[in-house]
Structure formats: C-alpha cells, structure tokens
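Spelled out, the chains give:
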Amino acid sequence: GLVGHGYGMPGTVLILSIAASGMVLSMGYAEWLIVRLRIDAAAALQATPLPSQFARSIRRRFGAAIAKLAVAVTLVTAAVAGGASLAGRFPSHAWLLAAAYVFLAIAFFAGLTLVIAGRTTVVLAISAFILLEILAAMAVGALDPWGMDVVYLTGCAALAAAFTVLSLRAIVRPVVHR
C-alpha cells in the first residue's frame, strides 16, 4: 500500500480514503456555500447603509457558512469512518487523521474565500509554510502513526485557523478586479 502519514501497512489507501471521505463528499456543499455567501454579500451590500453594518452582516454569514461546513464534514466523516471502524477497517489513531481532514475542508473553504477576495499570494505563502512544516516532520521519520497524525492534524488546524482569520478581514475590504 501507499506509505504516508506514518502508515507503512497494507490498507493504507483505504484508511486515507475513509479519513478524507467527509471532506471529499462535502466539497459540492462547500461550493454551494461559497456561491450562497457571494449572493448574501451582494444582498447585504444593498441592504446595509453603513460599512460597519455590512462588515458585521457578512462576517456573521461567513461564520455560519464555516460552521455549516464543519458540521457537514464531521457528520459524513463520522458516518463513514464509524462504519469502517465497526468493521475493523479503521484503526483508532486514524481518527486524528479524519479530524485533520475536517480542518482541511475548512481551510479549503476559507482559502477559496481569500482567493475570491484577491488574496491568492497569501493563500500560497501560508500553504507552502504549512506544507514545509508537515514535510519536515515526515522527513524525521521517527514518528509512529499517532505522531504523524498529530503533526498532520496540527498543520491542517493551523491552516484552517489562519485562513479563517484572514478571510474575516478580507471579506469586508473592497476588491479591485483587473
């Protein structure tokens, strides 16, 4: 099987597929949430007379979209991984990897929001930094599967947090399109 995330055993592809299932199966929903957020932003821009009111409105809607996505990814992941776990096909340490993919889905959503807001360079720079952190930990190679999953979870959570915080600032600033 595939060697990665500290797994060097047969069935690794299955474990990774199960862990990522919630994220993968929820990406259509995430896309719909992005489109809905853009529609809501246009409506809020028309309905709010003050920039501060618009900022509160769109930040609240962004937060709600992130929460809805997190719940959807978590529920799908829990259903798929829970069933696989009951069947003995999903080891206990892989739940950390599954949690990492929930954070990665949030990072994708917030990162796409940043790209829409014209902050592509920021997304690329932060993604590269987090990737280097994960690769450095993998290069050490001394980590067991639990350790690798903790590193991956930490990296994905940091990416989601950074993109979410930056998105909350970026979505209320004017964007100049070329």
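Reading the values: rules and limits
Residue indices follow the written sequence of each chain, beginning from 1 at its first position. With the structure being a predicted model, the display of local features is reserved for residues of pLDDT at least 70 and the display and counting of side-chain atom pairs for 80 or more, all residues being used for whole-chain, interface and lining totals. Heavy atoms throughout the structure, all of them, feed into the side-chain values; hydrogens and water do not. Secondary structure elements follow DSSP: runs of H or I of four or more residues count as helices, runs of E of two or more count as strands, with numbering from the N terminus. Here the term buried applies to any residue with accessible area under 20% of the maximum for its type, exposed to any over 50%, and partly exposed to those in between, with areas from a 1.4 Å probe on protein chains only. Whether two residues are in contact is decided by their heavy atoms, any of which lying within 4.5 Å being enough. Methods summary: accessible areas were calculated by the Shrake-Rupley approach with a probe of 1.4 Å, and residue burial reflects only the protein chains presented. For this document, the term salt bridge refers to a Lys or Arg side-chain nitrogen within 4 Å of an Asp or Glu carboxyl oxygen. Grouping buried Ala, Val, Leu, Ile, Met, Phe, Trp, Tyr and Cys residues that are joined through side-chain atoms within 4.5 Å yields what is termed a nonpolar core. Definition of a polar contact: a pair of N or O atoms within 3.5 Å, with one able to donate and the other able to accept a hydrogen when the atoms are protein atoms, and with sequence-neighbouring residues admitted only if both atoms are side-chain atoms. As a per-residue measure, pLDDT reflects the predictor's confidence and takes values from 0 up to 100. When the centres of two rings from Phe, Tyr and Trp lie within 6.5 Å, Trp using its six-membered ring, the rings pair. Their planes under 30 degrees apart give stacked, over 60 give edge-to-face, and anything left gives tilted. Each axis is a line fitted through C-alpha atoms, taken for helices only over the stretch in contact, and angles between the N-to-C directions span 0 to 180 degrees. Note on angle classes: values under 35 degrees are labelled roughly parallel, values over 145 roughly antiparallel, values of 65 to 115 roughly perpendicular, and the remainder oblique. Note: crossing handedness is left-handed where the near helix turns anticlockwise from the far helix by less than a right angle, and right-handed where it turns clockwise. Under the convention adopted here, Pro, Cys and the residues Ala, Val, Leu, Ile, Met, Phe, Trp and Tyr are nonpolar, Asp, Glu, Lys and Arg are charged, and Gly plus all remaining residues are polar.

(A) Spotlight on the overall build of the chain. Scanning the chain from N- to C-terminus turns up 5 helices and 0 strands. Starting at the N terminus and ending at the C terminus, the chain contains elements arranged as α-α-α-α-α. Expressed as a percentage of its 178 residues, the buried residues of the chain come to 41%. Sequence separation of 24 or more characterises 81% of the internal contacts of the chain that already satisfy a separation of 6 or more. A total accessible area of about 9,500 Å² is found for the chain, and carbon and sulfur atoms account for 71% of it.

(B) View of the pattern of salt bridges. With the rule as written, the count across this model stands at 2 salt bridges. The partner of D40 in a salt bridge is R36, with the nearest N and O atoms 3.0 Å apart. Within this pair, D40 and its partner R36 are both found in helix α1 (residues 12-47), separated by 4 residues, close to a single helical turn. With a relative accessible area of 18%, D40 lands in the buried category.

(C) The nonpolar core, seen in detail. Residues F62, F90, Y101, L104, F109, Y152 and F163 are the most contacted members of the largest nonpolar core, which totals 48 residues. The set of elements that each furnish at least two residues to this core consists of α1, α2 (51-86), α3 (94-116), α4 (120-140) and α5 (145-170). Ranked by residue count, the leading element in this core is α3, at 13 residues. Ignoring sequence-local partners within four residues, the contact set of F90 consists of I15, I18, A19, A81, A84, S85, W95 and A98.

(D) Representation of the side chain of S21. Here S21 lies in helix α1. Of the polar contacts made by the side chain of S21, one reaches the backbone oxygen of I18; its length is 2.7 Å. For S21, the residues in contact, after removing those within four places along its chain, are V76, T77 and V80.

(E) The confidence of the model for the chain, seen in detail. Put simply, the chain has an average pLDDT of 86, and 89% of its residues get 70 or more. Between residues 1-7, whose pLDDT stays under 50, and residues either more than four places distant or in other chains, the model counts 25 contacts.

(F) The arrangement of the packing of aromatic side chains in detail. Counted by the stated rule, this structure contains 4 aromatic pairs. Aromatic pair Y29 and W32: ring centres 6.0 Å apart, planes at 15°, arrangement stacked. Of the two residues, Y29 and W32 are both situated in helix α1; the distance of 3 residues between them amounts to about one turn of the helix. The exposure class assigned to Y29 is partly exposed, which follows from its relative accessible area of 31%. For W32, a relative accessible area of 47% corresponds to the partly exposed category.

(G) Quick look at the packing of α1 against α3. For the pair α1 and α3, the least separation of the axes is 9 Å and the interaxial angle reads 25°. One finds that α1 runs roughly parallel with respect to α3. Here the hand of the crossing between α1 and α3 comes out right-handed. For the pair formed by α1 and α3, the contact residues are I15, L16, A19, A20, M23, M27, A30, L33, I34 and R38 on the first element and A94, L97, A98, Y101, L104, A105, F108, F109, L112, T113 and I116 on the second. Split by residue class, the contact of α1 with α3 holds 19 nonpolar, 1 polar and 1 charged.

(H) Local environment of the environment of V172. The topology assignment puts V172 in the segment after α5. As for V172 and R59, which are separated by 113 residues in sequence, their C-alpha atoms are 7.9 Å apart. The contact partners of V172, leaving out residues within four places of it in the chain, are F54, A55, I58 and R59.

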